[in-house]
Amino acid sequence: MSASSAFNDEKGGSSSVGEPEYGHDPASGGIFSSDYKRHDDLKEMLDSNKDSLKLEAMKRIVAMIARGKNASDLFPAVVKNVACKNIEVKKLVYVYLVRYAEEQQDLALLSISTFQRGLKDPNQLIRASALRVLSSIRVTIIVPIMMLAIKEAASDMSPYVRKTAAHAIPKLYSLDPEQKDQLIEVIEKLLADKTTLVAGSVVMAFEEVCPERIDLIHKNYRKLCNLLIDVEEWGQVVIINMLTRYARTQFLNPNINESLLEEGGSGDKTFYGSDEDEDEDEEEKEKKAEVAAMAKRKPYVMDPDHRLLLRNTKPLLQSRNAAVVMAVAQLYFHLAPKAEVGVIAKALVRLLRSHSEVQYVVLQNVATMSIKRRGMFEPYLKSFYIRSTDPTQIKVLKLEVLTNLANETNISTILREFQTYIKSMDKDFVAATIQAIGRCATNISEVRDTCLNGLVQLLSNRDELVVAESVVVIKKLLQMQPEKHSDIIKHMAKLTDNIQVPMARASILWLIGEYCEHVPKIAPDVLRKMAKSFTNEEDIVKLQIINLAAKLYLTNSKQTKLLTQYVLNLAKYDQNYDIRDRARFIRQLIVPTEKSGALSKYAKKLFLALKPAPVLESPFKDRDHFQLGSLSHLLNAKAGGYQELPDWPEAAPDPSVRNVEVKESVPEWTKCSSREKRKEKKVEKPFYTDSEGESGPTESADSESDSATGSESSSGSEESGSGSESEESKEASESEEEEEEEEEEEKKKKKKDLKKPVQESESEQSSEEEERKHQRKSKPRKSESESESDEDEESESESSQSESEDSESEAEVKKKKKLAESKPPPKPVKKESKKEKKEMSLLDLDDFEPAPSPQVTPVNTFLSNSLVTDLEGLSLSDSVLSPATIAPSSTLKSYELLHRITGEGLSVEYCFSRQPFSPDANMVAVQMQFTNNASSDTKNLHIEDVKLQSGMRVKEFPEIELLPAGETATAVMGIDFCDSTQAANFQLCTHTRKFFVSIQPPVGELMRPVFLTENEFKKEQGQLMGMNEITEKLTLDVKCRNEHTIVQRVTTAANLSRVPCGSDKECRFAGRTVTSGSLVLVTVATKEEGAAQLTVNCEKMVIGTMLVKDILQALTQ
Amino acid sequence: MNQSQGFFKDIQISCLVVGWLLSNTASIILSFRVWGGQSMTDSAPSWFFYSAEMIHSLFLINHLGDIFLEKHWKSVISRSVCDYFFEAREKAVDPENVPPVLQTPHHYLISIYRGKLFFLSVIQTEVPPLFVIEFLHRVADTFQDYFGECSESVITDNLVIVYELLEEMLDNGFPLATESNVLKEMIRPPNILRSVVNTLTGGSNVGETLPQGQLSNIPWRRAGVKYANNEAYFDVTEEIDAIVDKSGTTVSAEIQGVIEACVKLSGMPDLTMSFMNPRLLDDVSFHPCVRFRRWESERVLSFIPPDGNFTLMTYHISSQNLVAIPVYVKQSINFFEAGSCGRLDITIGPKQTMGKTVEDLKVTIHMPKAVLNANLTATQGNYTYDCTTKMLVWDIGKLNPQKLPNLRGSLSMQTGVPNPEENPSLNIDLKIQQLAISGLKVSRLDMYGEKYKPFKGVKYVTKAGKFQVRT
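Residues numbered from 1 in each chain as written. Chains lettered and ligands numbered in written order. Predicted model: local features only at pLDDT ≥ 70, side-chain atom pairs only at ≥ 80, totals over all residues. Heavy atoms only, no water.

If you look chain B up in an unreviewed UniProt entry, it shows as MHD domain-containing protein from Oreochromis aureus.

Taking an unreviewed UniProt entry as the reference, chain A is identified by name as AP-3 complex subunit beta belonging to Oreochromis aureus. We quote the UniProt Sequence similarities (unreviewed entry) comment for chain A here in full: "Belongs to the adaptor complexes large subunit family." (UniProt positions renumbered as here; feature names shortened; annotations may be inferred.)

Okay, the pairing of strand β19 (residues 391-397) of chain B next. Residue and element names in this part refer to chain B. Relative to β19, strand β16 (residues 359-366) runs antiparallel, the two sharing 6 bridges. In the strand pairing of β19, Lys362 is matched with Asp395. Relative to β19, strand β18 (residues 382-386) runs antiparallel, the two sharing 5 bridges. From the neighbouring strand, Asn382 faces β19, where its bridge partner is Asp395. The turn linking β18 back onto β19 is made up of 4 residues, and Lys390 within it adopts a positive phi angle of 60°. (Pairing = 2+ DSSP bridges. Helix = DSSP H or I, 4+ residues; strand = E, 2+ residues; numbered from the N terminus.)

Tallied over the full model, the rule gives 55 salt bridges over all chains. A:Glu233 serves as the salt-bridge partner of A:Arg320, at 3.1 Å between the closest nitrogen and oxygen. Here the residue A:Arg320 occupies a position in the loop between α19 (304-313) and α20 (322-335), and A:Glu233 occupies one in helix α15 (residues 233-250), the gap between them amounting to 87 residues. Through salt bridges with shared partners, a single network forms among A:Lys91, A:Arg132, A:Lys171, B:Glu168 and B:Asp171. (Salt bridge = Lys/Arg side-chain N within 4 Å of Asp/Glu carboxyl O.)

All names here are of chain A. Relative to each other, helix α22 (residues 343-351) and helix α23 (residues 356-372) sit at 150°, their axes nearing to 9 Å. In terms of crossing hand, the pair formed by α22 and α23 is left-handed. For the pair formed by α22 and α23, the contact residues are Ile344, Leu348 and Leu351 on the first element and Val358, Gln359, Val362, Val366 and Met369 on the second. Considered class by class, the residues forming the contact of α22 with α23 number 7 nonpolar, 1 polar and no charged. (Axes fitted to C-alpha atoms, helices over the stretch in contact; angles between N-to-C directions. Left-handed = near helix turned anticlockwise from the far one by under 90°. Contact = heavy atoms within 4.5 Å. Nonpolar A, V, L, I, M, F, W, Y, C, P; charged D, E, K, R; others polar.)

Another aspect to go through is the nonpolar core. Membership of the largest hydrophobic core comes to 272 residues, with the highest contact counts inside it found for A:Phe384, B:Phe119 and B:Phe143. Apart from residues no more than four positions distant in its own chain, A:Phe384 is found in contact with A:Val349, A:Leu352, A:Leu363, A:Val366, A:Phe377, A:Lys398, A:Val401, A:Leu402 and A:Leu405. Of all hydrophobic cores here, the second largest spans 77 residues; its members include B:Leu281, B:Val323, B:Val442 and B:Tyr460. (Core = buried A, V, L, I, M, F, W, Y, C linked by side-chain atoms within 4.5 Å. Buried < 20%, exposed > 50% of the residue type's maximum accessible area, 1.4 Å probe, protein only.)

Pasting the structure below:
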């Protein structure tokens, strides 16, 4: 219906204001129905009091805009409705306003105050939408207002408003670039934002306003890497592209050493290496050699931040969004070490199943990549096979990739495929296939003859296009070894009668001229025929006829002198000046006259010089100097606003710029800790020597290894027996049957009961002085020590697991023994526990100032006894209790990392010290205690081969150079768990051995306390509703109904701080996750008779759920 | 009245000023192109810069070449920019062959072809082309989701909603809200009942409540979902892409699998799906709701599902693996020089069907141009030959292993035209119910976070994707 009108009046929209063409506009169709005064009508409707009429009018106006019609004359009538109460009308007015404000600046100003009011609205969504519209109105006068609004919104409480502010930045910048400096300030501020919502938008703003200010990224680099996976997909693309550029300026080329190897090994070229080397031109080689020489001096070590980026982007290859996958792929291609780039191939091949436009772009990039890194796509060769149903442009691209992938080993299969393609109905595709065959033949000498024969067969093809294309390709191939193929040349000479495609004719003529010596009889005859048809030929053919004539004249002037002159005469009067020029030039050059210059002597040399064979190369060669995945790469031309991908720096810039913490704090920390260490040692030494027998049993209690250490104690071995037993039963009962679980718990309980006497005796052994000292020293420490008991079970079972296999029967016996012996002495325990509790709760209320010494000293072991007994007392009173629930009343649990036996005398324990880890605030401090139980010294204790889940990072502790026999040392390392409870695996190395160990954090350790006021708490909680809030009802344990105990147990379970609260029925706690800084808010509201409600608000739902579980267990035991 | 006249005078003046400004900017852009080669890092004169948005304008064009909708996210770009596109469209034989990215003197045009419509976006500066393509497809998906289909008629019928959607999806050319759940909270999809009510009461299609989804960390799910029947259905669909040789050997075969979900569960359920044989899945892509780390460590899908229909994951089993081919084809197609006729004989039989029945079997052959008509007999099903498109379609239906379907007969050829050299390839369609050909099986689905017991169901279907037999 509107087919013609829409097509013809394309420009009509903007120019025609008052033309009555709307009448037959289908957009207005039924609504307008030949209403000529429709604008008056609309105005009336807009002025009316009825929202429904206004809405109707606005809908019609928006429909006009959508159709591309001009509705600007309605501006005054529309803008009045900007304050309309009806949301839909309002929205449509916004649409209109944004579209026409620029044209009607004065009137648009009338609406500004409405938005300014909106900016102050308590509802974040209204604030955001006001800012959005305000910043979309392109009126220069309001630039200062916009600037102010953006600045304000950038520090808004709501991340959504901040996101909108980030969106507004490029709008303002494009309106008034003078504001750049101020905008950069805002960007800098927003870059520091820790929410995923803002990250993508602000990086987008950064890329558009100040992409050159790479220095703004330093401080936020690690955060961006870590947030990346949670950012929305569009933001991910922008961030990844920006980080690629960033990494290119900040890190070293990871392939330096490999290129060095390649250089060195260029004598004996390997399969794929050969082509790559050839591809690099000399200059590049030199440069590389230089770099390589540098590398020789200094072995390449990847910057951990570089690694972080690679690791954190890798999971995004699984994204459903093709743009994200492509962004990661290009990042890997440009940044990853060669050996790792392979991972992207699979994901890219997967995209080939997507929409054809996606295929088109992906194949273009694959084509470029497959030149540089052929091995990467070789396994997926078959995925690039062509179907007859593919669109031609896809077919041609797939062909390109197949050609790039061809090598000696797979060429036969590829050629077989090509064979089928040649029969296709799609002639453009067939032509491309022939070219591809030609390229394979030039690149792989083994198949050159086969290809040539195949192509010659195609010369008899019925389709002229096919023949022509073959001729062109054959010509190029023949240039490589002409003498062998004189019969082919003859064959082609015959074709001149039939082939009409100019390019093919020209090619044949050139061939005959070039190799006229090989076909001395035929060549003059061809020239004769050509001379006849000269006037009817195309220009390129004419030029080649002249060429042929000249060459024949030089070699065989007897036969061809007249013919040549005839041709030159024809050419002299040709319409095309190029041909006339060429004829004149050649005549002067070859026909000796008295006037002819010095050049004619060299005519033969000029014309019949040996010409190098052409190199058939991919149009995608060297396209990778454009960032892959970019528009510029696709077009092979620099698009406006393209940011050049910088070359790798020769020397890495200072990596410390990315450290987020103030740098000075690092040395301070090391100093301090070393001092402490010394102090600690003084204390420890006498203690250790005094109580060696004691430290022995505690550990041996964990395993069956008593005999080895010689400190055999019956209780110890029993325990170990129970440990392994419980482990076994655990394994057996994985089918989650409750009964069994209960049994298991029972066993555990018994085991604990057994443990008590042992530990008690230990504590007796130790000097009381020591005890007091340590009690005074720090409270957190105490809790650390307590937790040890709990850990014992865990580590126990772990270690026993490894060893129990051969001692199962033993364990069986022991178990029986244990059953007979297990009778706990409950009374003294309870007493102690009460005392302990009181102290604890007092402490807990005001703890969390960093304790002076984070070290775990062996003294803890005896301190812990009392607490352990305390726990056991509690656990006895409960009938059903799962082993994990036994969280000590206040605690820093310590875990075993390496057992003495497995560690060959070296034992290592670790605990989460809950201290801020000063070198990197995003890390959880893990304090490790090394004890050398062996008779010889241990040297060079350090960490190696850290295997982490993506995103996680480790800051190793400084190497411990010497740990003399019987000594103990402590060290603190930092682990960024990325707010997950994934284990960090690494190797602990001594000068002789390596041990595989892993550290897994309980969820409560993934946060650090923050101080909030009651109001702040409420406000934050209000923003973390819905999904982010998890509530559980529970019945508090009888012993846990007072405030102190609750506080104590919650802070034990998680590293949170208490928030003051007016009501005594509620306990509140707050913390932030260590990596992302997401708030964790915990509320325990108590009611009658032990009923209580636990609420956890946390952005990270996984953390929230796990935390609820943990706290629930801590409170209900 | 007088007052308003005054108004108009003002407007006219400002129009003039704007016109002058516009003509000026045009020259600015021109002069800028000349300078374009210079690096962006040195500060250009302040009035001299690239407009920064990613997608500047969008045009919707039907298959006849009419622009029936335009949307500009900043200044208006004249429709004439589409002429470059129309030129390319003419050049390409069929719409599939229009290059998705075109360069014009001042702009770049990136287009997709969906449902006989072109979505043409105008770009001014460097932007990853896939970013735009992916976004345009997302727009088309959203239309499909809202209106049930993505066609010209449906879009013109819902012009205002479409416009509002575009407004929300893109802010200043940068994607803002693309999750259909978030959009649906802001702009309600049309439905007949509501439109009746709306016309009676003057109600609106715009959500009354402001959407919360955008604010949360899980934008794909809205809060407060309630269902009387809580159900979760999963469809595991696998498509076999294969190329089979003339001789019957498999040249390449891949499986493209997708798990589509329809989840109607109240509240905030947290689902965990585990597989009998997760090792099969080594190349997967997920809906953003799936917790990737959990997958990496435990090979289970753990997620808080979006409300309603969504694609949970897609997976790809590449040609490196062994892929079962459910049917074999015996065929011979010959064209004879003498008598200008041809013979065709096709038999299909079951190969690796894992004991299931093959249904909806269909063979499509794109015949060479010279084939005028086909005179065939089918032992089962019907065949049709379309003389204009040269498509021979044989609809077989269920495959009976006892009595194999056969299609044979003669083809009449155009006289005087040389015989086609190549034989056309056969495209096969089929369906096998209750089977995932890769062997994938869902072992269990657990729900956490909500008390009720949902109804759960998993369905498997294997289909032929791009299944081609060369002859």
